[in-house]
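# Chains, contacts and geometry: an overview
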Amino acid sequence: MHLGHTHDGPAAVSADATRPDGTRRALRIGLGGPVGSGKTATVAALCRELRDRLSIAVVTNDIYTREDAEFLLRNAVLPPERIQGVETGACPHTAIRDDISANLEAVEDLEEAVGPLDLILVESGGDNLTATFSKGLVDAQVFVIDVAGGDDIPRKGGPGVTTADLLVINKTDLAPHVGSDLQRMARDAKEQRGELPVLFTSLTSAEGVGPVADWVRVQLAAWTA
Ligand SMILES: Nc1nc2c(ncn2[C@@H]2O[C@H](COP(=O)(O)OP(=O)(O)OP(=O)(O)O)[C@@H](O)[C@H]2O)c(=O)[nH]1
Ligand SMILES: [Mg+2]
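This write-up is about the structure you can find in this document. Residue indices begin from 1 for each chain and proceed along its sequence in written order. Chain A is the first chain written and ligand 1 is the first ligand written, with later ones labelled in order. Local features in this predicted model are restricted to residues whose pLDDT is 70 or higher, and side-chain atom pairs enter the listing and the counts only when it is 80 or higher, whereas totals over whole chains, interfaces and linings include all residues. Working from all heavy atoms in the structure, the side-chain values ignore hydrogens and water.

## Description of unusual backbone geometry
- Cis geometry marks the peptide bond from glycine 115 to proline 116, where omega comes out at 5°.
- Mapped onto the elements, proline 116 comes out in the loop between α4 (101–114) and β4 (119–123).
- The phi torsion at alanine 76 lies on the positive side, around 50°, for a residue other than glycine.
- To qualify as a helix, a DSSP run of H or I must reach at least 4 residues; to qualify as a strand, a run of E must reach at least 2; elements of each kind are numbered from the N terminus. Residue placement: alanine 76 occurs in the loop between α2 (67–74) and β3 (83–87).
- To sort residues, take the accessible area from a 1.4 Å probe on protein chains only and compare it with the maximum for the residue type: under 20% means buried, over 50% means exposed, and anything in between is partly exposed. In this structure alanine 76 comes out as partly exposed when scored by relative accessible area, which is 48%.
- Not every positive phi belongs to a glycine, and lysine 171 is a case in point at roughly 65°.
- Looking at where lysine 171 falls in the secondary structure, it is placed in the loop between β6 (166–170) and α7 (175–178).
- With relative accessibility at 24%, the residue lysine 171 sits in the partly exposed group.

Next comes the structure, spelled out in structure tokens:
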């Protein structure tokens, strides 16, 4: 389902876009958002959708475990050497915004071990509405919320909702069960984000992650242009 508007322009990219040998490094996309909104499910679905044509790796962040990396490994969304878990040991936003060293090391290790890569997905641990990625870590960021978390979340704003390069509103299949008004969520998101894109997804539906995969392809085309 796509109630939002699209925006095909390239996301803002960080300055250092090359590997030590001068070739272009992988596009790095961060996925953040509240606990349980569907970040890992989105990463898994993106890997399945894109892995045949693109060379992909994933970094996951968890506070005390490597649960998400293990989920991706169990589900064999990528070969094991392409998945790395970072145990942040503290608030997830610290590791993606304030001290990004562990994540940067994971991203660079992957690029060296299994590269050249086209795309690296970095999943933040579940956090609150203020969490955003440092531009030193990722080139573009996706904020994933879900309809079951309350249909007033887009209206509440915060940097994730208002400034992420893409806002994904997931689990639309649950809207009738939790009384969420998708039209209202689309209107509120548009008000908060202006021309920045918003996509509605249900990973249990046939369309699944398709619209997000299309957005990733557009970012990659801009990155490699
Ligand atoms: N009904 C429904 N369930 C979904 C959808 N997407 C994800 N889920 C389920 O929601 C739960 C949480 O999904 P995850 O992908 O683990 O969420 P997350 O954002 O990675 O969670 P944390 O990493 O713990 O913050 C899982 O049980 C998923 O199967 C969806 O579109 N519809
Ligand atoms: Mg997760």
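After that view of the structure, there is still more to cover.
## With respect to the pattern of salt bridges
- One side-chain nitrogen of Lys or Arg within 4 Å of one carboxyl oxygen of Asp or Glu is enough to make a salt bridge. With the rule as written, the count across this model stands at 10 salt bridges.
- With a closest N to O distance of 3.9 Å, aspartate 151 and arginine 184 form a salt bridge. Highlighted residues: aspartate 151 in the loop between β5 (140–146) and α5 (153–156) and arginine 184 in helix α8 (residues 182–193), separated in sequence by 33 residues.
- Classification of aspartate 151 as buried rests on a relative accessible area of 14%.
- Put simply, lysine 156 and aspartate 152 hold a salt bridge, and the shortest N to O gap is 3.6 Å.
- We classify aspartate 152 as partly exposed; its relative accessible area is 24%.
- Here the salt bridges do not stand alone but share partners, grouping Asp151, Arg155, Arg184 and Asp188 into one network.

## Notes on the coordination of the magnesium ion (ligand 2)
- The donor definition counts N, O and S atoms within 2.8 Å of each metal and applies 3.2 Å to Na, K and Ca; water is not among these atoms, so some sites may look incomplete. Summarising the metal site, the magnesium ion (ligand 2) is bound by the protein donors Thr40 (OG1), Asp68 (OD) and Glu123 (OE), whose distances to it range over 2.0 to 2.2 Å.
- By relative accessible area, which is 12% here, threonine 40 ends up buried.
- Take glutamate 123: its relative accessible area is 2%, and that puts it in the buried class.

## A word on the sheet that holds β3
- Taken in spatial order, the 7 strands line up as β3-β2-β4-β1-β5-β6-β7 in an open sheet, and their pairing is parallel. Edge positions in the sheet fall to β3 and β7 (198–200), since each has one partner strand and no second. Ignoring strand direction, the axes of neighbouring strands in this sheet form an average angle of 20°.
- By definition, residues are in contact when any of their heavy atoms lie within 4.5 Å. Lines fitted to the C-alpha atoms define the axes, with helices restricted to the stretch that makes contact. Angles between their N-to-C directions range from 0 to 180 degrees. Sheet contacts for helix α1 (residues 39–50): β1 (27–32), β2 (56–62), β4 and β5; angle to β4, the most-contacted strand, approximately 165°.
- With respect to the sheet, helix α9 (residues 210–224) is in contact with β1, β4, β5, β6 and β7, its orientation differing from that of β1 by roughly 145°. Strands are treated as partners if at least two bridges between them are detected by DSSP.

By themselves, these are just geometric observations and shouldn't be taken as functional.
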